[in-house]
Amino acid sequence: MKQKKIALITGATSGIGEACARRFAKGGYDLILTGRNEERLDGVRKAAEAEGAEVITLLYDVRDREACRKAVDSLCGKWQEVDVLINNAGLALGLEKEYLGDMDDWETMIDTNIKGLLTMTRLLVPRMVERSHGHVINIGSVAGDAAYANGNVYCATKAAVKAITDGLRIDVAESAVRVTNVKPGLVETNFSVTRFHGDVDKAGKVYQGIRPLVGDDIADVAFYAASAPEHVQIAEVLVLATHQASGSVIHRT
């Protein structure tokens with residue numbers, strides 16, 4: 001029997017990561033799921049297993065380079081042959097003017113959104129290149145295309161994701177490894193709750209007057225990119241709600 005493909009998804013405990021876990025499990029993948037919350041990670045594992053997937057969970061923070069290395073090194077047998085890496089772990093913290101921003105928030109965003117993505121790429125892509133097979137899907141953002149008011153450092157991290165993704169695509173062009181940047185706009189997950197440090201009321205106002213995307217919408221796009229024929233590389237996809245035109249232009253009713 002043909003071995004099922006394997007997807008490794010970072011930040012799989014909620015939002016887009018959780019939706020990707022469910023979508024790829026339903027699509028016939030076995031999964032390696034990573035996250036920081038053991039209880040949530042276990043819940044996502046059970047949901048994926050209910051779809052017929054075999055699942056391994058790895059509990060660590062992508063900001064911790066040594067923890068990332070140990071987690072990847074712990075994989076053995078078929079689990080070393082990752083077909084799809086979904087670099088999803090990321091967050092926004094704060095929505096202040098740049099000169100009033102919280103430096104700790106900046107550091108967390110940079111360490112997670114940029115350095116964590118780079119670490120996982122460095123640990124997994126060499127084996128993909130060696131096999132001349134694999135796919136890296138980075139979850140970027142419309143915020144990486146142009147800064148919006150008070151988005152400053154978060155926008156910068158997602159601009160970095162775009163540049164890093166484009167650079168990787170160039171660097172692996174001699175192989176059959178594919179590289180995709182999925183850039184969502186407004187997606188109603190716990191993203192804004194995190195950004196506003198747990199303020200649910202403030203987070204809810206982000207989505208007022210518009211029907212936003214949900215995690216499943218982005219998971220469908222990621223799965224589509226991974227399912228394209230081997231000679232087709234979906235390089236970049238910008239995914240917006242119908243009444244969102246850009247990171248800063250949103251029509252609300």
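Residues numbered from 1 in each chain as written. Predicted model: local features only at pLDDT ≥ 70, side-chain atom pairs only at ≥ 80, totals over all residues. Heavy atoms only, no water.

### Here we look at the overall build of the chain
So, point 1. Helices and strands together make up the secondary structure of the chain, namely eight helices and seven strands.
So, point 2. Against the globule reference of 18 Å for 253 residues, the chain gives a C-alpha radius of gyration of 17 Å, in line with a compact fold.
So, point 3. Of all 253 residues assigned to the chain, the portion counted as buried reaches 48%.
So, point 4. For the chain, restricting intrachain contacts to residue pairs at least 6 apart in sequence, the fraction spanning at least 24 positions comes to 72%.
So, point 5. Per element, the accessible surface of the chain, about 12200 Å² overall, is 51% carbon and sulfur.
So, point 6. Taking the 30 positively charged and 34 negatively charged side chains of the chain as two groups, their mean positions are separated by 3 Å. (Helix = DSSP H or I, 4+ residues; strand = E, 2+ residues; numbered from the N terminus. Rg over C-alpha atoms; globule rule 2.2 N^0.38 Å. Buried < 20%, exposed > 50% of the residue type's maximum accessible area, 1.4 Å probe, protein only. Contact = heavy atoms within 4.5 Å. Areas by Shrake-Rupley, 256 points an atom, 1.4 Å probe, with all protein chains shown as cover. Lys, Arg positive; Asp, Glu negative; His and termini not counted. Charge placed at Lys NZ, Arg CZ, Asp CG, Glu CD.)

### Structural notes on the pattern of salt bridges
So, point 1. Going through the model one piece at a time under the given rule, you end up with 21 salt bridges.
So, point 2. Put simply, arginine 63 and aspartate 61 hold a salt bridge, and the shortest N to O gap is 2.8 Å.
So, point 3. Overlapping salt bridges bring together Asp145, Lys162, Asp166, Arg169, Lys183 and Glu236 as one network. (Salt bridge = Lys/Arg side-chain N within 4 Å of Asp/Glu carboxyl O.)

### Section: helix 8 (residues 215-227)
So, point 1. The end-to-end C-alpha distance of helix 8 is 18 Å, a good match for the 18 Å that 13 residues give at a rise of 1.5 Å each.
So, point 2. When helix 8 is considered as a whole, its buried residues turn out to be Gly215, Ile218, Ala219, Val221, Ala222, Phe223, Ala225 and Ala226.
So, point 3. Tucked into the core, helix 8 has its buried residues touching helix 1 (15-26), strand 4 (84-87), strand 5 (135-139), strand 6 (178-184) and strand 7 (236-239). (Expected span 1.5 Å × (residues − 1).)

### Points about the packing of aromatic side chains
So, point 1. For the structure shown, the criterion picks out four aromatic pairs.
So, point 2. Taking 6.2 Å as the distance between ring centres and 75° as the angle between the ring planes, the aromatic pair formed by tyrosine 29 and phenylalanine 223 counts as edge-to-face. With a gap of 194 residues between them, tyrosine 29 in the loop between helix 1 and strand 2 (30-35) and phenylalanine 223 in helix 8 connect regions that are remote in the sequence. With respect to burial, tyrosine 29 and phenylalanine 223 carry one shared label: buried.
So, point 3. Three or more aromatic residues link up through ring pairs in this structure, and these residues are Phe24, Tyr29 and Phe223.
So, point 4. Over the aromatic face of phenylalanine 223 sits the side chain of arginine 23, whose NZ or CZ is 4.0 Å from the ring centroid. (Phe/Tyr/Trp six-rings, centres within 6.5 Å; stacked < 30°, edge-to-face > 60°. Lys NZ or Arg CZ within 6 Å of the ring centre and 35° of its normal.)

### Examining the pairing of strand 5
Look at any regular strand and the pattern is simple: side chains alternate between the two faces of the sheet.
So, point 1. The buried fraction of strand 5 amounts to five of the five residues, a majority that puts the element mostly inside the structure.
So, point 2. Burial of the side chains of strand 5 extends over both faces: His135, Ile137 and Ile139 are buried on one face and Val136 and Asn138 on the other.
So, point 3. For strand 5 and strand 6, the ladder comprises five bridges, and the chain directions are parallel. Looking at the pairing, isoleucine 139 lines up with valine 182 of strand 6.
So, point 4. Between strand 5 and its parallel partner strand 6, the chain crosses via helix 5 (residues 152-171), and the hand of that crossover is right-handed. (Pairing = 2+ DSSP bridges. Right-handed = clockwise from strand over helix to strand, strands pointing away.)

### A closer look at the sheet that holds strand 3 (residues 55-59)
So, point 1. Pairing is parallel across the open sheet formed by seven strands, whose spatial order is 3-2-1-4-5-6-7. Since the sheet does not close on itself, it has two edges, and those belong to strand 3 and strand 7, each with one partner. The average angle at which neighbouring strand axes cross in this sheet is 15°, direction not considered.
So, point 2. Relative to strand 5, strand 4 runs parallel, the two being bridged by four bridges. Across the sheet, asparagine 87 pairs through a bridge with asparagine 138, a residue of strand 5.
So, point 3. Strands strand 4, strand 5, strand 6 and strand 7 of the sheet are contacted by helix 8, whose axis makes an angle of about 160° with strand 6. (Axes fitted to C-alpha atoms, helices over the stretch in contact; angles between N-to-C directions.)

### Things to note about the packing of helix 4 (residues 103-131) against helix 5
So, point 1. Here helix 4 crosses helix 5 at 15°, and the two axes come no closer than 8 Å. As summarised for this structure, helix 4 and helix 5 are arranged roughly parallel, according to the angle between their axes. For the pair helix 4 and helix 5, the sense of crossing is right-handed. Between helix 4 and helix 5, the residues in contact are Trp106, Met109, Ile110, Asn113, Ile114, Leu117, Leu118, Thr121 and Val125 and Asn152, Val153, Tyr154, Thr157, Lys158, Ala160, Val161, Ile164 and Leu168, respectively.
So, point 2. For the contact of helix 4 with helix 5, the class distribution of residues is 13 nonpolar, four polar and one charged. (Parallel < 35°, antiparallel > 145°, perpendicular 65-115°, else oblique. Left-handed = near helix turned anticlockwise from the far one by under 90°. Nonpolar A, V, L, I, M, F, W, Y, C, P; charged D, E, K, R; others polar.)

### Digging into helix 4
So, point 1. Relative to the 42 Å expected for 29 residues at 1.5 Å per residue, helix 4 spans 41 Å between its end C-alpha atoms, a close match to the ideal helical length.
So, point 2. Along helix 4, the sharpest change in direction is near 35° and occurs at leucine 124; proline proline 126 comes one to four residues later.
So, point 3. The opening residue of helix 4 is aspartate 102, an N-cap whose side-chain oxygen sits 2.8 Å from the backbone nitrogen of aspartate 104.
So, point 4. Positioned one or two residues after helix 4, serine 132 has a phi angle of 50°, which is positive. (Bend = angle between axes of the 7 residues up to and from the residue. Polar contact = N/O pair within 3.5 Å; in protein donor to acceptor, adjacent residues only side chain to side chain.)

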